[in-house]
Amino acid sequence: MNKLMSMLIAAIFATASVGAFAAAHGGAMSDADKAKKMEACKKMDPKSTDEKMKAECKKLMEGEKKPDAKK
């Protein structure tokens, strides 16, 4: 019974760590996607675009202007 419980706990920890790894690396936008989004932002009509798109474009444009501190 102890062996079964230990194996079950080990499996739970393994599943949780794989899930955490996937969640940490799943949301990044690739350079190609970022370029497409930037083109769409430059072509958008501010009068007919929804607020969510405007906010995303503003965030993307501000991120582009900031110098990279990591380099």
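It should be noted that the structure appears before, not after, this text.
One structure accompanies this document, and this report is about it. Residue indices follow the written sequence of each chain, beginning from 1 at its first position. Residues qualify for local features only when their pLDDT is at least 70, as the model is predicted, and side-chain atom pairs are given and counted only at 80 or more; totals for whole chains, interfaces and linings, by contrast, use all residues. Note that water and hydrogens are dropped before the side-chain values are worked out from all heavy atoms of the structure.

Disulfide: a covalent bond formed between the sulfur atoms of two cysteine residues. Working definition: a disulfide is two cysteine sulfur atoms within 2.5 Å of each other. Summed over all chains, the structure comprises 1 disulfide. At a sulfur-sulfur separation of 2.0 Å, the disulfide partner of C41 is C57. Between C41 and C57, the disulfide has an S-S torsion of -85° and is therefore left-handed. Of this pair, C41 sits in helix α2 (residues 31-43) while C57 is found in helix α3 (residues 51-65), placing the two residues 16 residues apart along the sequence. Here's how the labels work: a residue is buried when its accessible area is under 20% of the maximum for its type, exposed when over 50%, partly exposed in between, all with a 1.4 Å probe on protein chains only. Taking relative accessible area as the criterion, C57 reaches 3% and is therefore assigned buried. Numbered from the N terminus, helices here are DSSP runs of H or I no shorter than four residues, and strands are runs of E no shorter than two.

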